[in-house]
Amino acid sequence: MASKGLFITLEGVDGCGKSTQADLLVDALKAKSREVVRLRDPGSTRLSEKIRLMLLDPANKDMCDECELLLYEAARAQMVREAIQPALERGAVVVCDRYTDSTFAYQAGARGLSSELVQAANGIGDCGVTPDVTLVFDLSPEEALCRATSEGTDRLEGEGMAFQRRVREGYQQLAQKEPDRVRVIDAVGSIEVVRTRMMSALSDVL
Ligand code: TMP
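Rules used throughout
Numbering of residues begins from 1 in every chain and follows the order in which that chain's sequence is written. Whole-chain, interface and lining totals are the exception, using all residues; otherwise, since this is a predicted model, local features are given only for residues with pLDDT of at least 70 and side-chain atom pairs are given and counted only at 80 or more. To get the side-chain values, take all heavy atoms of the structure and skip hydrogens and water. Aromatic pairs are defined between Phe, Tyr and Trp rings, using the six-membered ring for Trp, whenever the two ring centres lie within 6.5 Å; interplanar angles under 30 degrees are classed as stacked, those over 60 as edge-to-face, and all others as tilted. Per the convention used, a helix needs a DSSP run of H or I reaching at least four residues, while a strand needs a run of E reaching at least two, with both numbered from the N terminus. Exposure is judged per residue with a 1.4 Å probe applied to protein chains only, and the accessible area is read against the type maximum: over 50% gives exposed, under 20% gives buried, and values in between give partly exposed. In this scheme, the term charge over a ring applies when either NZ of a lysine or CZ of an arginine sits within 6 Å of the ring centre and within 35 degrees of the ring normal. Note that the arc is computed from the directions linking the helix axis to the C-beta atoms. Note on definitions: a residue-residue contact is assigned when non-hydrogen atoms from the two residues lie within 4.5 Å. One requirement defines pairing of two strands: DSSP has to find at least two bridges between them. A pairing counts as a salt bridge when a side-chain nitrogen of Lys or Arg comes within 4 Å of a carboxyl oxygen of Asp or Glu. Any residue with a heavy atom positioned within 4 Å of a molecule or strand is treated as near that molecule or strand. Here a polar contact means two N or O atoms within 3.5 Å. Within protein one must be a hydrogen donor candidate and the other an acceptor candidate, and residues neighboring in sequence count only if both atoms are side-chain atoms. All accessibility values rest on the Shrake-Rupley procedure with a 1.4 Å probe; residue burial counts only the protein chains present in the view.

Novice: Can you break down the packing of aromatic side chains residue by residue, with the values?
Specialist: Counting across every chain of the model gives two aromatic pairs. Look at F7 and Y99: their rings are 5.0 Å apart centre to centre, the planes differ by 80 degrees, and that puts the pair in the edge-to-face class. Taken together, the residues span a long stretch of sequence, with F7 in strand β1 (residues 6-12) and Y99 in the loop between β3 (93-97) and α4 (100-110) at a distance of 92 residues. You'll find F7 and Y99 in the same group, each marked buried. The ring of Y99 has R76 sitting right over it, with the charged end atom 5.4 Å from the ring centre.

Okay, here's the thing in structure tokens:
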């Protein structure tokens, strides 16, 4: 797809502060008079939000890893077709809270599914639409989990510290593999300090 827009994704362990930073990024882009579409993966469309509820419900403890992988991809495909592709074709900036790199970090890195399997599944879920830039908000799982617990614990957050450590390592591997696209932001510090780091990491694309 030849797109006129810009596709930015935000990633990190649970509680890393990326959603707050996504809000600030949206504000900054709107101030530049850009059309901005803010999305979250899984979610953002009627069907994808239904799938999100299934994925995050702590009662679904019996969900197997393959079912989890495919539900994330199903939610994503619907969001790409319904929201991302039309927005990029219009020339909008799409700011998406999580995307295919989450699947690498969580389902391959933390769950232990093979990278090849996750890559193949991502190739269906993303419908060929890949981010221009990805920001990984890097924070120790200890500090991140402290932030996350204030909002309650969903099925993934309930996996605990060792799981989040593997997620973080998964992101570090991705950043090493694709340094141009995947930019690591130190997420330690105040909201304003992290915002400044985020904006400077995006200075070449904005
Ligand atoms: P959120 O709380 O950041 O909205 O994300 C929902 C949870 O889903 C979070 O714990 C990360 C997890 N997740 C995956 O495990 N795989 C994925 O592909 C995505 C997009 C999210």
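Novice: Could you give an account of helix α8 (residues 191-201), naming the residues involved and the relevant values?
Specialist: By the burial criterion, the buried members of α8 are V194, M198, M199 and A201. Down the axis, α8 shows its buried residues gathered within 160 degrees of arc, on one side only. Tucked into the core, α8 has its buried residues touching α1 (18-31), β4 (133-138) and β5 (182-186).

Novice: Break down the pairing of β1 for me, with residues and values.
Specialist: For β1, the tally of buried residues reaches seven of seven residues, placing the bulk of the element in the interior. The alternating pattern of β1 places L6, I8, L10 and G12 and F7, T9 and E11 on opposite faces, both of which are buried. Across five bridges, the pairing between β1 and β3 is parallel. From the neighbouring strand, I8 faces β3, where its bridge partner is V95. Two strands pair when backbone bridges link them, and β1 and β4 are joined in this way by five bridges, in the parallel orientation. When the sheet's bridge partners are listed, G12 is paired in β4 with F137.

Novice: Explain the pattern of salt bridges residue by residue, including any values.
Specialist: Inspection of every chain in the model, using the stated rule, returns 19 salt bridges. A salt bridge links E49 to R40, with the nearest nitrogen and oxygen atoms 2.8 Å apart. Relative accessible area serves as the criterion here: at 35%, R40 is assigned to the partly exposed category. Salt-bridge contacts for R76 lead to D41; the nearest nitrogen and oxygen are separated by 2.6 Å. One end of the pair, R76, is in helix α3 (residues 65-90); the other, D41, is in the loop between β2 (36-40) and α2 (46-56), with 35 residues separating them in the sequence. In this pair, the class of R76 matches that of D41, namely buried.

Novice: Can you lay out the site of the ligand for me, pointing to particular residues and giving the numbers?
Specialist: Every one of the 14 residues lining the ligand counts as a neighbour, but D14, Y72, R98, T103 and Q107 are closest to it. At 2.9 Å, a side-chain N or O of R52 approaches an oxygen atom of the ligand. Within the contact set of the ligand, an oxygen atom lies 3.0 Å away from a side-chain nitrogen or oxygen of R76. Here the ligand has 480 Å² of accessible area as a free molecule, and 94% of this is covered by the chains.

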